[in-house]
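An overview of the molecular structure
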Amino acid sequence: MKVIAFISGKGGTGKTSIVASFARLAAPVVAADCDVDAANLALLLGGTVDQQERFFAGELAQIDPDRCTGCGVCFERCRFDAIRPVDPIFEIDPLACEGCRVCLQACEFDAVTLVNNEAGKVMVQTAPTGAVIQAALEPAQSNSGKLVTRVRVLAREKAGSMELELVLLDGPPGIGCPVHATLADVDLVVVVTEPTPSGEHDLARGLELLHQFRRPALVIINKADLSATMVKRIHRLCESLDAEVIGELPFVSTVPAALAQRQTMVDDETLRPLLEALWARIQSHPALVPDSEPAVVKAATP
Amino acid sequence: MRIVIASGKGGTGKTLIATNLAWMLAEVGVDTTYVDADVEAPNGHLFLPPTEVTTSRFSSPLPTLKEATCSGCGECQRFCAFHAIIATTDKVLVFPELCHACGGCLDACPDNALEERPRESGTLLRGESGRIHFRSGSLDVGEPRSTPIIETLIAETPDTGVVVVDSPPGTSCSAVAAMKGADQVVLVTEPTPFGLHDLQLAVELCRKMGCSPSVIVNRSDLGDTQVQRYLEAQSIPVLAQIPFDRTLSDIYARSELAAPTHEPLRQALRKIISTVLTNSIGGKAA
Amino acid sequence: MAQKIAITVQRAGTLDELMDSRFGRAPAFLLVEGDGPQVTQLDNPATTAAHGAGTASAAAMADHGVHAVISGRFGPKAFEALKTLGVEMWTAPSGLTAAEALAKFREGTLTRMAVEEFR
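So, here is what we can say about the structure in this document. (Residues numbered from 1 in each chain as written. Chains lettered and ligands numbered in written order. Predicted model: local features only at pLDDT ≥ 70, side-chain atom pairs only at ≥ 80, totals over all residues. Heavy atoms only, no water.)

1. A closer look at the overall build of chain A
For chain A, the count of helices and strands is ten helices and eleven strands. In terms of overall dimensions, chain A has a C-alpha envelope of 70 × 60 × 40 Å along the principal axes. Counting the 302 residues in chain A, one finds 59% classified as buried. Contacts in chain A between residues far apart in sequence, at least 24 positions, make up 76% of those at least 6 positions apart. In the structure as shown, chain A presents an accessible area of about 12000 Å², 49% of it carried by carbon and sulfur atoms. Here chain A contributes 27 positively and 39 negatively charged side chains, and the mean placements of these two sets differ by 3 Å. (Helix = DSSP H or I, 4+ residues; strand = E, 2+ residues; numbered from the N terminus. Buried < 20%, exposed > 50% of the residue type's maximum accessible area, 1.4 Å probe, protein only. Contact = heavy atoms within 4.5 Å. Areas by Shrake-Rupley, 256 points an atom, 1.4 Å probe, with all protein chains shown as cover. Lys, Arg positive; Asp, Glu negative; His and termini not counted. Charge placed at Lys NZ, Arg CZ, Asp CG, Glu CD.)

Here it is in structure tokens:
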């Protein structure tokens, strides 16, 4: 089984639309949305949810108002600004609490308890393209790295049980914890960028991260006709960072309206052949050859 | 007054609005600070290039073993909720990527064998961009946790005049860090199913934090009417509708500010400023 | 004292269970003492951990006195933690049952992870 992750650094480059298009071309396939605080892939691929699980992440502190004496030791010790005074005692701000247990350790009156933190849910959906895994993180939750891990693991399991050989991961924006969780176990990474200075800047940071993670990277320049100069600059950047640009897609102003009709970019006559060519390039990458060893984990005999 | 420009979905035009809004505020004579809190993908400097720049490294305290007194009891490892410590009889291994710097292991240690030393994970920058005070943070590539640097960036920005914060996208901890304590939250969205889905989450987040957001609809003529209907149903004030305009994209692609030359955007920003500065809509985010 | 071997498995059970290829997020471990037939089941406490599943699983191995662990792959933090704790890491191909992986380990045909090559 092979796993391809799509990331972008900057949001709004068209990554999700492109992943949905490749899912259509690769079907049947497992597609998983690792952008757990703004999951959009399932909106495009459609289908019905047929499996759902609750997602717990760590613990949150609670203060028992009957036991709290208002001494304020927890308030002084908490480094996350998660304890607020409600005269004459204190309470936990669940949005700020990280579940570190410092307050529990500090309280002499056993007023602090820990409760499991229900942070969201994970859903498996059957779509025309195969299975779609998506998660919904409750707003203001942290821990999205763990939820991403759960999505990724479920995607692999689903591919295993459906005997499918390919998993596509739609990654989150940025370069932080949820992106690291997305990249943990993938064979190939495709970066979707756009020819703007912001796109270029975030692409450079994304490629540096992939270099640190030792993941092979391919690059797609979306909305390429926005700026010929920037396209050239992105080509030069990729060359210097050893990332292969596999192609460009033009900006098509009807795409947003088509999205509203739940149409993906492959439904567009201009874009379809371009997407097919890109997909062929991705599929022929050495990292996707069946039975090839994972690119990362190397072991040495003692 | 602190105005946070946020969005559930990435790429809706948050930075376009935030940088041009800051420029326009300064243009009409307001003492303005622009803060780029999207520390994983900071782009504000491309549009508001700062001069007189000073940078400082951001660091968090990381527990470290003071060799001599450790008895190898393992209490630090047992305490750590983040599994960031592995203790053996002669060694304490701390995983910086997992550590939340809560300080609990220091208290848990009966031998007083741990101390905290600063560990760097990003850069804070301040400067001046014309009349605008410029501040930004940048997370080091490879570092997982962006929240601490965002919190420090916001806390160190003096709350004078109008502070425009360019928030990271999404609705999880990093967006919360940027929005905390805001006087106004403005959500930038686009009228697509994606935009609507992520807008709903962002509105829910704002309400959890005790503030009522207002909204700017970007590329308002590309897509469908569902966002409009949602905003009406929820009685969420719309500050501006900005139609798609290829020249605006071109200006953005040249990393230039659009407000100085683009009249429709300028008008929209004027309207936003008068609403935001005079109106008491919103309410402080908890 | 007989050496204790752990194998990551997809669910707690007998040695006929399939090995799980992930160390940190494996649902369970089977513990085997020396050459003996006795198998102890151990649910992985880290599967529900919000953070640091790799280090938490590694700590569980040390707590149970495990000498060597067999799995498909080890994450970089798990690797570092197990190395510090002095637990040997051995990798087996996926698709094997725990019994098959154990047999290969005893024959000496598994690979020992010794060099950290993740980042």
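2. Notes on the nonpolar core
By size, the foremost hydrophobic cluster in this structure holds 62 residues, and its most contacted members are Ile63 and Ile83 of chain A, Val92 of chain B together with Phe23, Met61, Val69 and Leu82 of chain C. Ranked by residues supplied to this core, first place goes to helix H2 (residues 76-85) of chain C with five residues. Of all hydrophobic cores here, the second largest spans 48 residues; its members include Ala57, Val167, Leu169 and Leu203 of chain A. (Core = buried A, V, L, I, M, F, W, Y, C linked by side-chain atoms within 4.5 Å.)

3. Side note on the sheet that holds strand E8 (residues 166-170) of chain A
All names here are of chain A. Ordered in space as E3-E6-E7-E2-E8-E1-E9-E10-E11, the nine strands form an open sheet in which the pairing is mixed. Here the strands that pair on one side only, and so sit at the sheet edges, are strand E3 (48-63) and strand E11 (244-248). In this sheet, neighbouring strand axes are inclined to one another by 20° on average, regardless of whether the strands run parallel or antiparallel. Bridge count for E3 against strand E6 (residues 112-127) is 13 bridges, and the pairing is antiparallel. (Pairing = 2+ DSSP bridges. Axes fitted to C-alpha atoms, helices over the stretch in contact; angles between N-to-C directions.)

4. What to know about the packing of aromatic side chains
One pass over the full model with this rule turns up nine aromatic pairs over all chains. Through a chain of ring-to-ring contacts, the aromatic side chains of Phe6, Phe22 and Trp279 of chain A assemble into a single cluster. (Phe/Tyr/Trp six-rings, centres within 6.5 Å; stacked < 30°, edge-to-face > 60°.)

5. Regarding the interface of chain B and chain C
Contacts between the two partners involve 14 residues from chain B and, on the opposite side, twelve residues from chain C. Taken together, the two surfaces of chain B and chain C that pack against each other cover about 1100 Å², and 72% of this comes from carbon and sulfur. Considering only the surface of chain B that becomes buried against chain C, His83, Ile86 and Phe95 of chain B emerge as the three largest contributors, covering 41% of it. Taken together, chain B and chain C are joined by one residue pair in polar contact (both at pLDDT 80 or more). Elements supplying a minimum of two residues to the side of chain B that touches chain C: strand E4 (85-88) and strand E5 (91-94) of chain B. (Buried area = accessible area lost by both parts, 1.4 Å probe. Polar contact = N/O pair within 3.5 Å; in protein donor to acceptor, adjacent residues only side chain to side chain.)

6. Description of the packing of helix H1 (residues 14-27) of chain B against helix H10 (residues 263-278) of chain B
Residue and element names in this part refer to chain B. Two elements in contact, H1 and H10, have axes separated by 10 Å at closest approach and are oriented at 75°. One way to sum up the angle between H1 and H10 is to call them roughly perpendicular. Residues Ile17, Asn20, Leu21, Trp23, Met24, Leu25 and Glu27 of H1 lie in contact with H10, whose contacting residues are Leu265, Arg266, Leu269, Arg270, Ile272, Ile273 and Leu277. Grouping the constituent residues of the contact of H1 with H10 by class yields ten nonpolar, one polar and three charged. (Parallel < 35°, antiparallel > 145°, perpendicular 65-115°, else oblique. Nonpolar A, V, L, I, M, F, W, Y, C, P; charged D, E, K, R; others polar.)

7. Thoughts on the pattern of salt bridges
All names here are of chain A. With the rule as written, the count across this model stands at 35 salt bridges over all chains. Among the ionic pairs, Asp267 bridges to Arg24, the shortest N-O distance being 2.9 Å. In this pair, Asp267 sits in the loop between helix H9 (255-260) and helix H10 (271-283) while Arg24 sits in helix H1 (residues 15-26), placing the two residues 243 residues apart along the sequence. What makes Arg24 partly exposed here is its relative accessible area of 35%. (Salt bridge = Lys/Arg side-chain N within 4 Å of Asp/Glu carboxyl O.)

8. Looking at the pairing of strand E1 (residues 4-9) of chain C
Residues and elements named next belong to chain C. For E1, the buried fraction is high: five of the six residues fall into the buried class. Where E1 lies against strand E2 (residues 28-33), six bridges are found, and the strand directions are antiparallel. Paired with Thr8 across the two strands is Phe29, which belongs to E2. Examined bridge by bridge, E1 and strand E4 (residues 68-71) share three bridges and lie parallel to one another. Across the sheet, residue Ile5 finds its bridge partner in E4, namely Ala68.

9. Focus on the interface of chain B and chain A
Tallying the contact residues gives 60 residues for chain B and 59 residues for chain A. Counting each side, the surface lost to burial between chain B and chain A is near 4700 Å², with a carbon and sulfur contribution of 58%. Contact with chain A buries area across many residues of chain B, yet Glu40, Val141 and Phe194 of chain B alone supply 15% of it, more than any other trio. Our enumeration of links across chain B and chain A arrives at five salt bridges. Between Glu98 of chain A and Arg145 of chain B there is a salt bridge, and its shortest N-O distance comes to 3.8 Å. Linking chain B with chain A are 27 residue pairs in polar contact (both at pLDDT 80 or more), by the criterion used here. When residues of the side of chain B that touches chain A are traced back to their parent elements, those giving at least two are helix H2 (44-47), helix H3 (75-79), helix H4 (104-108), strand E7 (132-139), helix H6 (173-179), helix H7 (193-208) and helix H9 (246-253) of chain B. Among the elements that take part in the side of chain B that touches chain A, H7 of chain B stands out by supplying eight residues, more than any other. Partitioned by chemical class, the residues of the side of chain B that touches chain A number 27 nonpolar, 18 polar and 15 charged.

10. Remarks on helix H5 (residues 144-161) of chain A
All names here are of chain A. Taking 1.5 Å per residue, 18 residues should reach 26 Å; H5 reaches 25 Å between its end C-alpha atoms and fits that length. On its buried side, H5 packs onto strand E2 (29-33), E3, E6, strand E7 (130-137), E8 and helix H6 (177-183). Positioned one or two residues after H5, Glu163 has a phi angle of 55°, which is positive. (Expected span 1.5 Å × (residues − 1).)

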